[in-house]
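The primary structure of each chain is shown beneath.
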Amino acid sequence: MPEGHTLHRLARLHQRRLAGGVVRVSSPQGKFAEGAALVDGRVLIRSEAWGKHLLHHYDSGLVVHVHLGLYGAFTESEVPMGEPVGQVRMRLFGGPDGQPGFGTDLRGPTACEILLPPEVAALTDRLGPDPLRRGADPDRAWRRIRRSRRPIGALLMDQQVVAGVGNVYRAELLFRHHISPHRPGTDLSVGEWSEMWTDLLALMRVGVRVGKMVVVRPEHDHGEPSYAPDRPRTYVYRRAGAPCRLCGTPIAHQVMQARNLFWCSTCQPS
């Protein structure tokens, strides 16, 4: 599932290429046809991300909300766009006057829907702080963490605690701070959380800038290659059974709340 930095990159791209101009919106697949008709031909005022949610604000006051989920993706296309390929939930094209047109197709999202401003407020109110949003308050997340006996590995994946963290950032952040994913939130210190938040913010900013999750420190970026050819190395994510890059202990794996969890039992003792 795309993590928060991916949505912020998309929001910035759509802001740069579409905002300020009339946008044509359609649903070749048909599942979003009614919603598309409500914003087709309107001016896109603002594109923003909050955690794993993408929000397009139109001049009519309506907002298109997209959650990519496990399989959703936007693909860019030249304008004029050709015939849709596959199940295109939403097609966008347009752009500010005087700039080259921009087109993109959305396929396979978990959510693609029209929201009114109060519904957007309800959505964002139930999300935790997003490290990539200006003014994000880490204390909001800390207040939830310090009162919970749930393991920190589960709390970090809870979008009501921190918005935008997914499986990779969860696993790698905990490894970088030598914290067991099984440690209860109540056992975390405020100092540890402060350091984790600062590190998470830095990691996610790199993700926005380069489009990839760079999580391994330069001095450890060697040895066994990454789990996929086009991905940077990780410390523990998708390395079950492989030797830890720091101590050589085989990386552990289990399922925590229906998501794969990876950690080093030596570097991250219980």
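Because the structure is predicted, anything quoted here is derived from the model rather than measured.

Quick look at the overall build of the protein chain
Inference 1: Along the protein chain, the regular secondary structure elements total 7 helices and 10 strands.
Inference 2: At 20 Å, the protein chain has a C-alpha radius of gyration in line with the 18 Å of a compact globule built from 270 residues.
Inference 3: The dimensions of the protein chain, computed from C-alpha atoms along their principal axes, are 55 × 40 × 30 Å.
Inference 4: For the protein chain, the share of sequence-separated contacts (at least 6 apart) that also reach a separation of at least 24 residues comes to 60%.

Remarks on the UniProt feature "domain: FPG-type" (unreviewed entry) in the protein chain
Inference 1: Per the UniProt entry, the sites bearing "domain: FPG-type" (unreviewed entry) are residues 235-269 in this numbering.
Inference 2: The span residues 235-269 is 0% helical and 29% strand by assignment, and the distance between its end C-alpha atoms comes to 15 Å.

Re a positive patch on the surface
Inference 1: Positive charge collects at one region of the surface, where R140, R143, R144, R146 and R147 lie side by side.
Inference 2: Here R144 shows up in helix 4 (residues 138-146).

Let's talk about empty space enclosed by the protein
Inference 1: Enumeration according to the criterion identifies 1 cavity of 30 Å³ or more in this entry.
Inference 2: Each pocket or cavity is described by its volume, and for the largest cavity that value is around 30 Å³.
Inference 3: Lining the largest cavity are V214, V215, V216, D221, P232 and R233.
Inference 4: Of the residues belonging to the lining of the largest cavity, the class tally is 4 nonpolar, no polar and 2 charged.

Analysis parameters
Residues numbered from 1 in each chain as written. Predicted model: local features only at pLDDT ≥ 70, side-chain atom pairs only at ≥ 80, totals over all residues. Heavy atoms only, no water. Helix = DSSP H or I, 4+ residues; strand = E, 2+ residues; numbered from the N terminus. Rg over C-alpha atoms; globule rule 2.2 N^0.38 Å. Contact = heavy atoms within 4.5 Å. UniProt positions renumbered as here; feature names shortened; annotations may be inferred. Patch = residues over 30% accessible without salt bridge, like charges linked within 9 Å, V, L, I, M, F, W, Y side chains within 5 Å. Areas by Shrake-Rupley, 256 points an atom, 1.4 Å probe, with all protein chains shown as cover. Salt bridge = Lys/Arg side-chain N within 4 Å of Asp/Glu carboxyl O. Lys, Arg positive; Asp, Glu negative; His and termini not counted. Charge placed at Lys NZ, Arg CZ, Asp CG, Glu CD. 1 Å grid on protein atoms, 1.4 Å probe; cavity = no way out; pocket = protein on both sides within 12 Å on 5 of 7 lines; lining within 4 Å. Points joined across faces, edges and corners; volume = space filled by probe spheres on them. Nonpolar A, V, L, I, M, F, W, Y, C, P; charged D, E, K, R; others polar.

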